[in-house]
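# Report on the structure
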Amino acid sequence: MGCLLKMISKGFFRISLCLGALLLTACGGPSTAEHKALAEQYLQQQDWAAAAYHLKQSIQQDGKQGDARLKLGQLYLQQFQLDNAIKELRVAKALGLAAALPPLAQAYSWQGKYADVLVLTVNEKVPYEEQAELLMLKVEAALVLEPLAKAEQYLETLAKVAPDSRDFYLAQAYYLLAQRQLDQALPWLEKALTLNPTDQRSLWLQAKTLYSLKHYDDSAKILARLLSLAPTRVSYYLLAVDVAFAMGEIDLAERYINQVEGLDKKQPQHIFNQAYLALQHKNFTQAIALTDKLLLIQEHFGARLISGISHYYLSNWEQAYNQFARTAEQLPKDHIVQQLMADVLFKLGQVEQSAEVASAANWYDVNQLPLLLSLSSGLQQHGQNEMSQRLLHQAQRMVETGASGELNTGVIQLLSGELEAGITSLEIALSESNGIKGNDSGQVLLFNAYLAAAKWPQAEKLALDLFNNIEYKVLSYQMQVVLLLKQQQWDAAQKLLQHAILEQPKSTELLYLLAHSQFFRGNIMAARTTTERLLQLQPESQQGLKLATLIDLKNQQIELAIGRLSQQLSASLSAANRLLLARLYLLHRQPDAALTLLMEMPNQEKLSKTWQFLVAMSHQQLQHWSQAEQSFIYLLNAQGLTEAMLLPLAQVMLMQNQYAELLAILEQYPLVESSAYQALYVRLLIKQQRWSQAKVALRQAKANFPDQAAIFNRLLLQLTLARGENQRAERLIEQQMQQDLQVQQVLDLVHIYRALQPEKALLTLVSGLKQFPQNLMLLQTQAQLLWHLGEVQQAKSIWRHIITLQPDDVIALNNLAWLSYQGGRISEGLSLIETAYQYQPSNHKVLDTYSALLVAQSRYSDAIALLESIPAALRGENELLHLAQAYYGNNEYIKAKRVLDELSITEMEASAQMEVRALRAMIDANLQTAS
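Residues numbered from 1 in each chain as written. Predicted model: local features only at pLDDT ≥ 70, side-chain atom pairs only at ≥ 80, totals over all residues. Heavy atoms only, no water.

- The protein chain carries the name PEP-CTERM system TPR-repeat protein PrsT in an unreviewed UniProt entry, which gives Motilimonas cestriensis as its organism.

## Overview of the UniProt feature "repeat: TPR" (unreviewed entry) in the protein chain
- Per the UniProt record, the feature "repeat: TPR" (unreviewed entry) sits at residues 166–199.
- The span residues 166–199 is 79% helical and 0% strand by assignment, and the distance between its end C-alpha atoms comes to 9 Å. (UniProt positions renumbered as here; feature names shortened; annotations may be inferred. Helix = DSSP H or I, 4+ residues; strand = E, 2+ residues; numbered from the N terminus.)

## Describing the pattern of salt bridges
- Under the definition given, this model contains 17 salt bridges.
- Salt-bridge contacts for Arg 521 lead to Asp 491; the nearest nitrogen and oxygen are separated by 4.0 Å. Here Arg 521 is found in the loop between helix 30 (508–520) and helix 31 (524–537), whereas its partner Asp 491 is found in helix 29 (residues 490–503), with 30 residues between them in sequence.
- Its salt-bridge partner being Glu 828, residue Arg 825 comes within 3.4 Å of it at the nearest N-O pair.
- The class of Arg 825 is partly exposed, set by a relative accessible area of 32%.
- Here the salt bridges share partners, and the residues they tie into one network are Arg 528, Glu 532, Asp 552 and Arg 564. (Salt bridge = Lys/Arg side-chain N within 4 Å of Asp/Glu carboxyl O. Buried < 20%, exposed > 50% of the residue type's maximum accessible area, 1.4 Å probe, protein only.)

## Some points on the packing of helix 34 (residues 575–587) against helix 36 (residues 609–621)
- Contact geometry for helix 34 and helix 36: axes closest at 10 Å, N-to-C directions at 20°. When the axis of helix 34 is compared with that of helix 36, the two are roughly parallel. Handedness of the helix 34/helix 36 crossing: left-handed. Note on element contacts: helix 36 touches helix 34 through Thr 610, Trp 611, Leu 614, Met 617, Ser 618 and Gln 621, opposite Leu 579, Ala 582, Arg 583 and Leu 586.
- The residue makeup of the contact of helix 34 with helix 36, split by class, is six nonpolar, three polar and one charged. (Axes fitted to C-alpha atoms, helices over the stretch in contact; angles between N-to-C directions. Parallel < 35°, antiparallel > 145°, perpendicular 65-115°, else oblique. Left-handed = near helix turned anticlockwise from the far one by under 90°. Contact = heavy atoms within 4.5 Å. Nonpolar A, V, L, I, M, F, W, Y, C, P; charged D, E, K, R; others polar.)

## Considerations on the layout of surface pockets
- Considered as a void within the structure, the second largest pocket measures approximately 750 Å³ in volume.
- Looking at the second largest pocket, it is lined by 29 residues, and the ones nearest its centre are Trp 110, Tyr 114, Glu 140, Trp 204 and Lys 208.
- At the level of secondary structure, the elements contributing two or more residues to the lining of the second largest pocket comprise helix 6 (101–111), helix 8 (128–145), helix 10 (166–178), helix 12 (200–212) and helix 14 (234–247).
- For the lining of the second largest pocket, the element with the most residues is helix 12, which contributes six residues.
- Considering only residue class, the lining of the second largest pocket consists of 15 nonpolar, seven polar and seven charged. (1 Å grid on protein atoms, 1.4 Å probe; cavity = no way out; pocket = protein on both sides within 12 Å on 5 of 7 lines; lining within 4 Å. Points joined across faces, edges and corners; volume = space filled by probe spheres on them.)

## A short note on the packing of helix 39 (residues 659–668) against helix 40 (residues 675–687)
- In the contact formed by helix 39 and helix 40, the axes pass within 10 Å of each other and the chain directions differ by 140°. As summarised for this structure, helix 39 and helix 40 are arranged oblique, according to the angle between their axes. Here helix 39 runs over helix 40; the crossing is left-handed. Together, Tyr 659, Leu 662, Leu 663, Leu 666 and Glu 667 of helix 39 and Tyr 677, Leu 680, Tyr 681, Leu 684, Leu 685 and Lys 687 of helix 40 make up the contact between the two elements.
- A class-by-class count of the residues in the contact of helix 39 with helix 40 yields nine nonpolar, no polar and two charged.

Listed below in structure tokens is the structure:
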């Protein structure tokens, strides 16, 4: 029975569903008219969602109902759903409803689509109210897009149609606002609001006008009314945020921003407001992230300003510059960004540009004095004295008009070189402050001024006055010690320091001062002990690390010095210590490590001359001649030629056979007080065959540097040899050898005998090696001479001997490898050349020998890679021949042919000529077969 009831129940349920469906189909639910009636009812009850639902249902049943479309469009407009409003109102307009034009124009207006407003035609047959609203919106649009006369024409028509309407009053307000007559616009807005106190367009214009007039409180009140009328209107919130920021009401602005976050968090102005709020809270990282997000959406001037300022406060100088550079030109001269831009340029090392920007900026606020004085001091230190003085004059004017006090006046006077006046001003400032607390910077300034003026009693009194204040006791000790050191009372200074440290055992400032004085007095062991104590208290003390490293160097413990600095994180090291570590790497012949460290330094630290010099030296040690030259040329342009640059620059340019270019540099930047410069200058004059000039320069050099007579006598010999005066040169050498036998004299004699008397050259070398048995230059010269004389086994024996004396002698390794190649001992040759390559991977002769051995092993791709690493302009005949062979072996016949075409076969030795002809014939044969 139960089962039967369940079956009947289920069956009845299915029948009921079917009947319901039939009834719905038959009756059709509410009709179009009924839906419209229900919509009207809900509109009166202000149940917008229900009204919208029934209007949509009515339209779904009959899409050509213009009045339903109009009401739905107006409902969307009221809810500020502008896209939906425009969609429905355009359909209503297409269905012939002239009443759709004013709300459609309103929607276009709120979206800023003024061109679409102007396209709409005023229908003179509709009621004056509808004409008036459309004409008012056309006045607004014409003021934006059309000539003023067109807007005036619409306004004139409106005056005739509805002179006492809200629309005419609004149009008048629009017209006056466009003319920037803000105060005159306000009465018209008041008139409009008298007719309709809740009209949002009138209230909106009034709020914006009051904001522009800086009547922030009144604007805020109007916006509060608007938000009560339309609590989801994002544009109202955005203006409310601006007003709150202008009033300095950060908390209120934040509340409004949070409201927008829930309504439209992707709105660009909202993202900008969030970034500005983050800047106000000094959350610079968040401000940068938000501006980056906004700039991905659109270009935004304000976002770049916030980003630049945030990067500035985070000391990201390059990023700050990139943002300011896009905004500074569009800002007035008194804008803070102009001053920040000058400081950023200075931090980046662009001193001249910084001076120009700082000079053009309008400094007017005494709060800008610290930045202005800092820039002035920095420019002075970089030799920009005129610009520094100009900024100081501006600072002086600010002080005179801004009542900034005697302290700033004193700073300006000290920077201007007015020492006595500066001291007087600082003394007045400190006496007026009634106490020490909070004025330690002023005390230090005055103390240093006393030292500069050698006013020892005043300096001592100031230091002792500080001593009685427990907070400044360490500073007092520091001042007393510095004063004693300044008076060269070394023992008294050390005794006072030791006493001070007994009293203040954890003062890192006093420990550093003691270690520093011990080091420079030559008491290295005591300095080490004190420095270690300092570093135990403050392991990351940059001054302590630097001093400890200098002590290591003094003890010739360079590996310990490198380890001390390199075990620190690079980012935690100061710029000075990173540069010091790079120098240590270079001293230890680790140019790769030096260059890596230098390239990892922040961009703002890469503009210093020291950084450029160390980069140049790294490239020089790595034999990256062109890169080293670029760095040296940059330094030349920046500071001229210095003694430290002279020899490294000379090596770099001579390795590239740039004799004339180097001579031109020496003539452009004379270092008349340098004997090294004079010697190099003479050598280059000899090389360029400018004999008479070389003779004059030699005479002057010998007169200027009598203690360097041996060097210049050697140059006189070179000049004699260069001019082919061999007999005179031989007499000069023999005279010098009688006085004091030198290796160079032996080599000079060998040079004279080598061409015509090779046996005599060998005998000379044997005599020289008796005196200097392990001299590598003499051994190399002997091996080379024997090789050219056909005594290959003897040459090999000497080169092997050289390697036992100097395992990294690349010349000996390369020559032995080449002999192994010629003898068909390829594996032996590869072992030798691979060792040479480890020491000098960019040496062209090593690369050539290495490639020849690789070709012999059919490792063509490896050989090509090596030879192609040599710049095309620097490839010699051997390199070109071996490159062609490698291309041929790799079946790259066209490339091989092109390389051979570069060879001048007539200038080659006979054996090489035969090799080239044979290779060319094989290439041509393969090209013909391929074609």
